[in-house]
Every structure is written in C-alpha cells, then in structure tokens.
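Residue strings, one per chain:
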Amino acid sequence: MAHHNRMLGVQLLIRVLSLIFIIGFSSNTLAEEPQGFTFKPMGATGGIVRYPNSNQDLDDGNAFAEVWIKPDLEIYRHNDTRIKAFILANYVRDSKPFVYNNNRKEGIGLSASTRIGNHLEVIASIRRDWYRELETSNKLQGTRYFLNYYYYKYWPAQGDSELFGMPKQATIFKSYGGIEYPGSLLEEDDNIVVPLGGEYSADYRIGDTDFLFVPFADLDFSWDADKNNYNNKFIPSIGLKVRRPIEKGEFFMGVKYEVDYRWVDETIDHGPKIVAGWYKGF
C-alpha cells in the first residue's frame, strides 16, 4: 500500500509540473528578466521564536525556536514559470526535551513554480531529506513531495486614515497552504498532511521611524490522514506586533491571543503567545 501511494504521489507531482509548464508557456506576460536557462543564485533565510509553543497542556509552557536557510539556484525561467534546484538546512530547538521539537534537517531538491494572476504562486517540489533527532541521535532519511501555494495582496492606504495618531500605510492579506507526502521520514509512513494558514493585517507607521505597528488576525489549520492530534487543529487568533521592513524581508515581534482546537482529542485551549522572527531573501 505504501509503495502504491508513493507511486500515486509521483504521478500527482508529474501532473502538477505539467500543468505549471502549460500555464507558464501559454502566458502572454513579458518578463523583464532574461528568459531561458538562467543559472541565477537566489534563496532566503528566516527564523521564529514562540512562547509558549502552543497553549496545549502537553506543551506545558515550553519555548520553541526554529531557524532555516534555503539557497536556490534558478535553472530555467519562462515568463513567471521557474525551475530551481535548492538546498535546505533547518534547525529546531525546544526548552523541553520533546524529540519532535529538537532536531536538525538537511535537504536537497528540485522545484517548479508559476504565478497565476498578480497575487498567487503555485509550487511543486520534490526533496531528499536527512533528519537527526538531537535528543536521541536517531537518524532518518527519505524523499518527500510537496504541492504549495502562496497568496499575497497589498492594498495601499487611501485617504488620511490613522490609529492613535499613526498614519495607515496599507492593508495586507497573505495565505499559504499545501499538501505534503509522506507526513514524516519514518519507514512505511503513508500519511498525507494538509497545512493551511493566513493573516489579515494593517500597517501603521510609528512616527518618523521605519517601524510599523500592526494589528492582525490569523488562522493556523492543518489536517492529516492518520488523525494525529498535532496535525489536526484549528487555531484562530488576534494580536498586535511591531515589524521593521528590510530589503526582501522583515523583522517582527508581537503578542497574540489564540484559541487552540484539536478535534481528534476534542480539546479546546486558549491563551496568550509571544512571537518574534525574521525573513530575509537574497
């Protein structure tokens, strides 16, 4: 069964790649950047700190931190369709010795992406991972398949809207999601995971600085076929943060109040959470 589902995963990836190529090559968009084989270095890095990691009783007030870097090499481009090779390095630590939150991972992969309209990007990728649990030194490796989307829309402020004397700069909506297979690198894992999320926010400039005051509402949702409690959740929240835009990225820090619903164990927890992080493209 696991082999059969892996073959279905490969077939799905091939079909999505074919669709990406069709959309990209049928586009009439004239890109300003060079077309064809490009071999252009790209990439990004980022990180996040959360306290607590979640408001579930199991987490017991633990702090969580994650950092990652993903160098890309754009191999080919046609209009808004790109083919990239990439390397991923990911490091996760937790203030408590949870095996699943104390690990490191290195991966190498290939992706194809295209833009649909002005705001939506679809990405299909395949990645070979090498994974190590830092608390046990247990090592795993394997191949995983991903189909993801990213949506981002920016509305510049109209008129003289203000909040506590701070002029409004923009309203922003962003969303992400996808399908991941298999759910982990454990042998014979046949799980399918579907993570989704989004944030609706407004930017207000703080005085004459480059800092922005940001009230926001967000949603974290995921589902998996194996009915694991940690992968079946619905977590809406509201909060406030300060962010500092930088070239191709940002720094941010804030606090939010969330309601954490897990329907497998039928639990509802709620409480505040402190978050901070960064993202930087290069």
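Before going into details, it helps to say that this report is about the structure given with it. Residues take numbers from 1 onward in each chain, read along the sequence in its written order. Side-chain atom pairs in this predicted model are given and counted only at pLDDT of 80 or more, local residue features only at pLDDT of at least 70, and totals for whole chains, interfaces and linings cover all residues. Hydrogens are left out, water is left out, and the side-chain values use all remaining heavy atoms of the structure.

**Quick look at the overall build of the protein chain**
Assigned secondary structure in the protein chain consists of 1 helix and 13 strands. Shown N-terminal to C-terminal, the secondary structure of the protein chain runs as helices and strands in the order α-β-β-β-β-β-β-β-β-β-β-β-β-β. Exposed residues in this analysis have more than 50% of their type's maximum accessible area, buried residues have under 20%, and partly exposed residues fall in between, with area computed by a 1.4 Å probe over protein chains only. With 282 residues in all, the protein chain has 39% of them scored as buried. Considering only intrachain contacts with a sequence separation of at least 6, the fraction spanning at least 24 residues in the protein chain is 57%. Taken as a whole, the protein chain presents about 16000 Å² of accessible surface, with 61% of it coming from carbon and sulfur. Only DSSP runs of H or I covering at least 4 residues are called helices, and only runs of E covering at least 2 are called strands; the numbering of each starts at the N terminus. Every residue pair with non-hydrogen atoms within 4.5 Å of one another is taken to be in contact. Only the protein chains shown count as cover for residues, and the accessible areas themselves come from Shrake-Rupley with a 1.4 Å probe.

**Here's the deal with the packing of aromatic side chains**
Centres within 6.5 Å make a pair out of two Phe, Tyr or Trp rings, where for Trp the six-membered ring is used; the pair is then stacked when the planes are under 30 degrees apart, edge-to-face when over 60, and tilted otherwise. Counting across every chain of the model gives 7 aromatic pairs. Judged by centre distance (6.3 Å) and plane angle (15°), the ring pair of F37 and F39 falls under stacked. Across the pair, exposure class does not vary: F37 and F39 are exposed alike. Look at F98 and Y100: their rings are 5.4 Å apart centre to centre, the planes differ by 5°, and that puts the pair in the stacked class.

**Focus: the pattern of salt bridges**
Here, a salt bridge means any Lys or Arg side-chain nitrogen found within 4 Å of an Asp or Glu carboxyl oxygen. Counted by the stated rule, this structure contains 16 salt bridges. The partner of R93 in a salt bridge is E135, with the nearest N and O atoms 3.9 Å apart. Residue R93 is located in strand β3 (residues 81-94), and its partner E135 is located in the loop between β5 (120-133) and β6 (139-156); the two are separated by 42 residues in the primary sequence. Residue R93 is classed as partly exposed on the basis of its relative accessible area of 33%.

**Observations concerning the pairing of β3**
In this description, strands pair whenever DSSP reports at least two bridges between them. Where strand β2 (residues 64-78) lies against β3, 12 bridges are found, and the strand directions are antiparallel. Residue pairing in the sheet places I69 in a bridge with A89 of β3. Two successive antiparallel strands, β2 and β3, enclose a turn made up of 2 residues, where N79 displays a positive phi of approximately 55°. Pairing analysis gives 11 bridges linking β3 to strand β4 (residues 103-116), with the strands arranged antiparallel. Paired with K84 across the strands is S111, a residue of β4.

**Section: the side chain of S201**
For S201, the location among the structural elements is in strand β9 (residues 193-205). Excluding its chain neighbours within four sequence positions, the residues that come into contact with S201 are A170, T171, I172, V214, P215 and F216.

**Quick look at unusual backbone geometry**
Cis geometry marks the peptide bond from Y51 to P52, where omega comes out at -10°. With respect to the element layout, P52 can be found in the loop between β1 (36-51) and β2. Note that the residue after Y181, namely P182, is joined by a cis bond; omega there is -10°. Checked against the element boundaries, P182 lands in the loop between β8 (166-181) and β9. Of note, D60 is a non-glycine position whose phi angle comes to about 55°, a positive value. With respect to the secondary-structure elements, D60 resides in the loop between β1 and β2. Of note, S137 is a non-glycine position whose phi angle comes to about 65°, a positive value. Inspection of the secondary structure puts S137 in the loop between β5 and β6.

**Quick look at the environment of Y51**
Turning to its location among the elements, Y51 is positioned in strand β1. Along the sequence, Y51 and S95 sit 44 residues apart, while their C-alpha atoms lie 9.9 Å from each other. Ignoring sequence-local partners within four residues, the contact set of Y51 consists of G61, N62, A63, K273 and I274.

**Topic: the pairing of strand β11 (residues 233-246)**
In terms of strand pairing, strand β10 (residues 212-224) meets β11 through 11 bridges, oriented antiparallel. For A217, the partnering residue across the bridge sits in β11 and is I238. Relative to strand β12 (residues 249-262), β11 runs antiparallel, the two being bridged by 11 bridges. Considered in β12, the bridge of G239 is made with K256.

**As for the environment of N191**
Along the polypeptide, N191 turns up in the loop between β8 and β9. Here the alpha-carbon distance between N191 and E180, two residues 11 residues apart in the chain, equals 8.6 Å. A polar contact of 2.9 Å, which involves the side chain of N191, links it to the side chain of D224. Pairs of N or O atoms within 3.5 Å make up the polar contacts considered here, provided that, within protein, one atom can donate a hydrogen while the other can accept it, and that residues adjacent in sequence are counted only when both atoms are side-chain atoms. Within the structure, N191 has its side chain in polar contact with the backbone nitrogen of D226 (distance 3.0 Å).

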